[in-house]
Amino acid sequence: TSSVSFAQKNNTTDINVTTLASILEKNKHYHKEGTVADYIPELGKVDPTAISFAIVNSDGKLISVGDRNHKFTMQSVSKIIALMLAVMENGEETVFEKIGYYGTDRPFNHFANLETMGKPLNPMMNAGAILTTSMISGKEDEPFVKILEMIRYITNNPSITYSQAVYQSEKETGHRNRGMFYLMKNTGAITGSEDQLDNYFRQCSIELTAEDLAKIGYFFANECSRYDGDKKYKNNALAKLILSQMLVAGMYEFSGEYARTVGLPSKSGVGGGIVVSVPHGMGIGVFSPALDSHGNSLAGYHMILDLAKKYDLSIF
Ligand code: DON
């Protein structure tokens, strides 16, 4: 497949249920080698064997296999939507005066650099994401509602909502995130009340399926236009910004190695989901809750890797 042309690479219309099912079967055993996140007690209760694999192909067609109706919390995948809204409302320049564009060799909850550098490394790690959410306007939970509504729009799925139990669990145990929030209040980067931190906890608790993630992947792959052709939010510059951040930091300290092996803008969450965008091509959504040491879904990574290799999807 090494000689696949750019045009062929982005024509993924021959990927079918059989392709996805064989990749899922081959990789589902990886859940045994990973660990379900339990630092948020409510997250530890998920079924470690649940697995799903979905794509929206370059024609906007949805194909999925496995536990396709299984819902999980999107966690850090929500950070790309928060970034989108923060930039739509404030402009890129204002947002990135307060946050870096840096890649990272640090885990998602690293924040020591807030002291030395004075601002979060990027909007994909927790500190930067807490800050982008605080930059979305609105009282109390209005910024969260905007994030939720945008996800409902992108997925064309108005039934998406959030898990009250996971939200409560995050709020009760998220002392490290609370620490970052107050450190940024101390520097003046954040000016609002702890409602703003609650919105971050709520957005992490939004529940969706691998199919929903594939639609989100397609959206950013295609200049913020929806899988059914709706172009209400079409914005090439914004899509490029978000894809670039997914590439350099979407998989945290694994991002560099992931760029080498998969080579696609992607964002993971500790709920076990990963969203992938093939620029000007398809969207991919995977789910398997057992994680590697970086907090990325292990079986999910291997399913993406196999599909990317088979169709030479790497952007390089
Ligand atoms: O901030 C947290 O701890 C989580 N609610 C979200 C972090 C996350 O998903 C990191 N991901 N891989």
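Note that this is a predicted model, so its numbers are computed, not measured.

## Considerations on the overall build of the protein
Link 1 in the chain: Regarding its fold elements, the protein presents 14 helices and 10 strands.
Link 2 in the chain: Relative to the globule expectation of 20 Å for 316 residues, the C-alpha radius of gyration of the protein, 18 Å, shows essentially globular dimensions.
Link 3 in the chain: For the protein, buried positions account for 53% of its 316 residues.

## As for the pairing of strand S3 (residues 62-66)
Link 1 in the chain: One ladder, built from 5 bridges, connects strand S2 (residues 52-56) with S3; its direction is antiparallel. The residue of S3 that forms the bridge with alanine 54 is serine 64.
Link 2 in the chain: Between S2 and S3, which follow one another and run antiparallel, lie 5 residues, and glycine 60 among them has a positive phi close to 85 degrees.

## Regarding unusual backbone geometry
Link 1 in the chain: Despite not being glycine, glutamine 75 has its phi angle at roughly 50 degrees, a positive value.
Link 2 in the chain: Counting through the fold element by element, glutamine 75 comes out in the loop between strand S4 (72-73) and helix H3 (78-90).
Link 3 in the chain: Of the residues examined, glutamine 75 has 25 C-beta atoms within 10 Å and is grouped as buried.
Link 4 in the chain: The residue aspartate 312 is not glycine, and still its phi comes out positive at about 45 degrees.
Link 5 in the chain: With respect to the helices and strands, the residue aspartate 312 is situated in the segment after helix H14 (298-310).

## Examining helix H2 (residues 17-27)
Link 1 in the chain: What H2 keeps buried is the set Leu20, Ile23, Leu24 and Asn27. Buried positions in H2, seen along its axis, are confined to an arc of 100 degrees and lie on one side of it. When the buried face of H2 is taken as reference, the exposed residues oriented beyond 90 degrees from it are Val17, Thr18 and Glu25.
Link 2 in the chain: Buried residues in H2 make contact with S2, S3 and H14.

## Some points on the site of the ligand
Link 1 in the chain: In the vicinity of the ligand, the residues found are Gln75, Ser76, Phe108, Asn126, Glu170, Asn177, Cys204, Ser268, Gly269, Val270 and Gly295.
Link 2 in the chain: Classifying every residue of the shell around the ligand gives 3 nonpolar, 7 polar and 1 charged.

## Observations regarding the sheet that holds strand S5 (residues 161-162)
Link 1 in the chain: Read from one edge to the other, the open sheet built from 3 strands follows the order S4-S6-S5, with strand pairing classed as antiparallel. Both outer strands of the open sheet, S4 and S5, are each paired with one neighbouring strand and no more.
Link 2 in the chain: Summarising the sheet, S5 and strand S6 (residues 206-208) pair through 2 bridges and their orientation is antiparallel. Along S6, the bridge assignment pairs tyrosine 162 with isoleucine 206.

## Comments concerning the environment of lysine 32
Link 1 in the chain: As for its position among the elements, lysine 32 is in the loop between H2 and strand S1 (35-36).
Link 2 in the chain: In sequence terms lysine 32 and leucine 291 are 259 residues apart; their C-alpha atoms lie 9.8 Å from each other.

## Topic: the packing of helix H6 (residues 126-134) against helix H10 (residues 195-204)
Link 1 in the chain: The interhelical angle for the contact between H6 and H10, taken along N-to-C directions, is 115 degrees, at an axis separation of 9 Å. On the basis of their axis angle, the class for H6 and H10 is roughly perpendicular. In the packing of H6 onto H10, the handedness of the crossing is right-handed. Contacts between H6 and H10 pair Ala129, Ile130, Thr133 and Ser134 from the former with Gln196, Leu197, Asn199, Tyr200 and Gln203 from the latter.
Link 2 in the chain: A per-class count over the contact of H6 with H10 returns 4 nonpolar, 5 polar and no charged.

## Remarks on the environment of isoleucine 136
Link 1 in the chain: Structurally, the position occupied by isoleucine 136 is in the loop between H6 and helix H7 (142-155).
Link 2 in the chain: For isoleucine 136 and alanine 86, which are 50 residues apart along the polypeptide, the C-alpha to C-alpha distance reads 5.2 Å.
Link 3 in the chain: If we ignore the near neighbours within four places in the chain, the residues touching isoleucine 136 are Ala82, Leu85, Ala86, Glu89, Pro143 and Lys146.

## Thoughts on the confidence of the model for the protein
Link 1 in the chain: For the protein, mean pLDDT is 95; residues scoring 70 or higher make up 97% of the total.
Link 2 in the chain: The complex model carries a pTM of 0.96, and its ipTM stands at 0.94.

## Details of the sheet that holds S2
Link 1 in the chain: Strand order in the open sheet made by the 5 strands is S3-S2-S9-S8-S7, with antiparallel pairing throughout. The sheet terminates laterally at S3 and strand S7 (266-268), the two strands that pair on one side only. When strand polarity is set aside, the average angle formed by the axes of neighbouring strands in this sheet is 10 degrees.

Definitions and cut-offs
Residues numbered from 1 in each chain as written. Predicted model: local features only at pLDDT ≥ 70, side-chain atom pairs only at ≥ 80, totals over all residues. Helix = DSSP H or I, 4+ residues; strand = E, 2+ residues; numbered from the N terminus. Rg over C-alpha atoms; globule rule 2.2 N^0.38 Å. Buried ≥ 20, exposed ≤ 12 C-beta atoms within 10 Å, placed from the backbone. Pairing = 2+ DSSP bridges. Arc of directions from axis to C-beta. Contact = placed C-beta atoms within 7 Å. Near = placed C-beta within 6 Å. Nonpolar A, V, L, I, M, F, W, Y, C, P; charged D, E, K, R; others polar. Axes fitted to C-alpha atoms, helices over the stretch in contact; angles between N-to-C directions. Parallel < 35°, antiparallel > 145°, perpendicular 65-115°, else oblique. Left-handed = near helix turned anticlockwise from the far one by under 90°. pLDDT = per-residue confidence, 0-100.

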